[in-house]
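One letter stands for each residue in the lines below.
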Amino acid sequence: MNKNNRVVGVAVILVFLLLPIEGGGEQKRKLRFRENGEFKILQVADMHYADGETTPCEDVLPSQFSTCSDLNTTAFVLRMIRAENPDLIVFTGDNIFGFDATDAAKSLDSSLGAAVSSNTPWAAVLGNHDQESTLSRRGVMEHIVGMKNTLSQLNPPGVNVIDGFGNYYLEVAGVESSPLQNKSVLNLYFLDSGDYSTVPSIPGYGWIKPSQQFWFQRTSFKLRRAYMSSPESQKAPAPGLVYFHIPLPEYSSFDSSNFTGVKQEGISSASVNSGFFTTMVEAGDVKAVFTGHDHLNDFCGELSGINLCYAGGFGYHAYGKAGWARRARVVVATLEKTDKGAWGGVKSIKTWKRLDDERLMAIDGQVLWSKNSA
């Protein structure tokens, strides 16, 4: 980021940090496709926010280091919101870096404040570092759920036993006044992929547990049945997108010949395979999965009909690679037109990334799913 952008970014940050951001009652905003038949999601992975201006950056060029801090991360969020005008912002974990965050609640307010101040609906899941400060894992998610403009949920209502915090789904309705205005034409699933294994004989990171997979199976079935039932019954399920933090072991299935993007480090998945990928394949509605965790990977690769995607590292107080720009992923779902000229179901799902450089360059545009090719 150049000096002028940094000065503007810091000025905007100081304004919104003074705004109240607590709130978030039971009334939640309804997600819906725009009148142009599009719905856009901005994914922000691994902000690693700590204490703001006093928190130094990691793995930046020597010329950047003296003026770089958490505020650069927030300025990047603001740039992305202005450039893309998303319908939903999704934060996929390690939103704060607990070890360096003096006060977890204040760090969460600051790291997520750009989304709050933009009045854009947003959702978040937890990573493996969010709970390492002054709030427990549950406490972090409860704080997130209490913030303004969030659609995040602590856990599914009516589900008494489920592992983790932040397992929920969101429905995206069709265009207003269209035949599918009262149906969810795009379903978004959010899961807590855990932090670290609690089983002594299994080392490494956490994984998506059977209780969560059972909830996903039931939820997917309910949504598929609703979409394919009257009124306006559809012939196939509405597509689903899944968001969580730690990549699945199946992310190791790719090499440079069968993905778009870069792979610059190993796949830091759990050391065991929980079978969640198979669960998603069996459900039949999931078209893509989006994770973070491995900051130097930003690829998308297709396996058994599901695209497995990284966002690439976003935050400046996070390991990266000097000279390799921080980045964010954008996903756009586009509806088809029916024979009668009305908006119908999802026709295609596309993605690209933007870099935090002088031009906010867009790279690696690709089609993740198309109804025609499917």
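None of the values given here were measured: they were computed from a predicted structure.

Trainee: Can you help me understand the sheet that holds strand 4 (residues 122–125) in this one?
Mentor: Within a sheet, neighbouring strands are paired by backbone hydrogen bonds and run either parallel or antiparallel to one another. Strand order across the open sheet formed by six strands is 4-3-2-11-12-13, with mixed pairing between neighbours. Of all the strands in the sheet, just strand 4 and strand 13 (362–370) have a single pairing partner and so form its edges. The mean angle between the axes of side-by-side strands here comes to 20°, regardless of whether they run parallel or antiparallel. Bridge count between strand 2 (residues 38–44) and strand 3 (residues 88–92): four bridges; the pairing is parallel. Bridging across to strand 3, Leu42 finds its partner in Ile89.

Trainee: I'm lost on empty space enclosed by the protein in this one. Help?
Mentor: Rolled over the atoms, a probe sized like a water molecule indicates the empty space that remains. Counted by the stated rule, this structure contains two cavities of 30 Å³ or more. Of the pockets and cavities examined, the largest cavity occupies roughly 80 Å³. What lines the largest cavity is a set of 13 residues, and nearest its centre among them are Gly206, Trp207, Ile208, Pro247 and Leu248. Approximately 40 Å³ is the volume attributed to the second largest cavity. Around the second largest cavity, the lining residues are His295, Gly313, Phe314, Gly315, Tyr319, Gly320, Lys321, Trp324, Ala325 and Arg326.

Trainee: Explain the UniProt feature "domain: Calcineurin-like phosphoesterase" (unreviewed entry) in the protein chain here, please?
Mentor: With numbering aligned to this structure, UniProt lists the feature "domain: Calcineurin-like phosphoesterase" (unreviewed entry) at residues 39–295. Here residues 39–295 runs as 26% helix and 15% strand, with 26 Å between its end C-alpha atoms.

Trainee: What is the right way to look at unusual backbone geometry in this model?
Mentor: With the exception of glycine, most residues fall at negative phi, and the peptide bonds are largely trans. Here the bond from Ser230 into Pro231 is cis, since omega is -5°, no more than 30 degrees from zero. The residue Pro231 is located in the loop between helix 7 (210–227) and strand 7 (240–243) in this model. Although it is not a glycine, Ser177 sits at a positive phi angle of roughly 75°. When you line up the elements, Ser177 lands in the loop between strand 5 (168–173) and strand 6 (184–190).

Trainee: Where do I start with the pattern of salt bridges in this structure?
Mentor: Pairing is possible between side chains of opposite charge, provided their charged atoms come close. Scanning the model with the defined rule gives 11 salt bridges in all. Linking Asp298 and Lys353 is a salt bridge whose minimum nitrogen-to-oxygen distance equals 3.1 Å. Here Asp298, found in the loop between strand 8 (286–291) and strand 9 (300–303), pairs with Lys353, found in strand 12 (residues 343–355); they are 55 residues apart in sequence, far enough to count as distant. Judged by relative accessible area, Asp298 falls into the buried class, the value being 1%. Residue Lys353 is classed as buried on the basis of its relative accessible area, which comes to 0%.

Trainee: What am I meant to see in the packing of aromatic side chains here?
Mentor: Where two aromatic rings form a pair, the distance of their centres and the angle of their planes describe that pair. Enumeration according to the criterion identifies 16 aromatic pairs in this entry. Taking 4.7 Å as the distance between ring centres and 15° as the angle between the ring planes, the aromatic pair formed by Tyr168 and Phe190 counts as stacked. One end of the pair, Tyr168, is in strand 5; the other, Phe190, is in strand 6, and 22 residues separate them in sequence. On the basis of relative accessible area, Tyr168 is assigned to the buried category, the value being 1%. Look at Phe299 and Tyr310: their rings are 5.1 Å apart centre to centre, the planes differ by 80°, and that puts the pair in the edge-to-face class. Note that Phe299 is positioned in the loop between strand 8 and strand 9 and Tyr310 in strand 10 (residues 306–310), a separation of 11 residues in sequence. Comparing Phe299 with Tyr310 shows no difference in burial state: the two are buried. These aromatic residues form a ring-pair network of at least three members: Tyr251, Phe254, Phe259, Phe299 and Tyr310. Across from the ring centre of Trp324, 3.6 Å away, lies the NZ or CZ of Arg327, which sits over that ring. The lysine or arginine in question, Lys337, covers the ring of Trp343, its NZ or CZ lying 4.5 Å from the ring centre.

Trainee: Mind showing me how you'd approach the pairing of strand 9 here?
Mentor: Along any regular strand, the residues point their side chains to alternate faces of the sheet. Strand direction decides the pairing type here: strand 9 and strand 10, joined by four bridges, are antiparallel. Across the sheet, Glu302 pairs through a bridge with Asn307, a residue of strand 10. Between strand 9 and strand 10, which pair antiparallel one after the other, the connecting turn spans two residues, and Ser304 there sits at a positive phi close to 50°.

Conventions we followed
- Residues numbered from 1 in each chain as written.
- Predicted model: local features only at pLDDT ≥ 70, side-chain atom pairs only at ≥ 80, totals over all residues.
- Heavy atoms only, no water.
- Pairing = 2+ DSSP bridges.
- Helix = DSSP H or I, 4+ residues; strand = E, 2+ residues; numbered from the N terminus.
- Axes fitted to C-alpha atoms, helices over the stretch in contact; angles between N-to-C directions.
- 1 Å grid on protein atoms, 1.4 Å probe; cavity = no way out; pocket = protein on both sides within 12 Å on 5 of 7 lines; lining within 4 Å.
- Points joined across faces, edges and corners; volume = space filled by probe spheres on them.
- UniProt positions renumbered as here; feature names shortened; annotations may be inferred.
- Salt bridge = Lys/Arg side-chain N within 4 Å of Asp/Glu carboxyl O.
- Buried < 20%, exposed > 50% of the residue type's maximum accessible area, 1.4 Å probe, protein only.
- Phe/Tyr/Trp six-rings, centres within 6.5 Å; stacked < 30°, edge-to-face > 60°.
- Lys NZ or Arg CZ within 6 Å of the ring centre and 35° of its normal.

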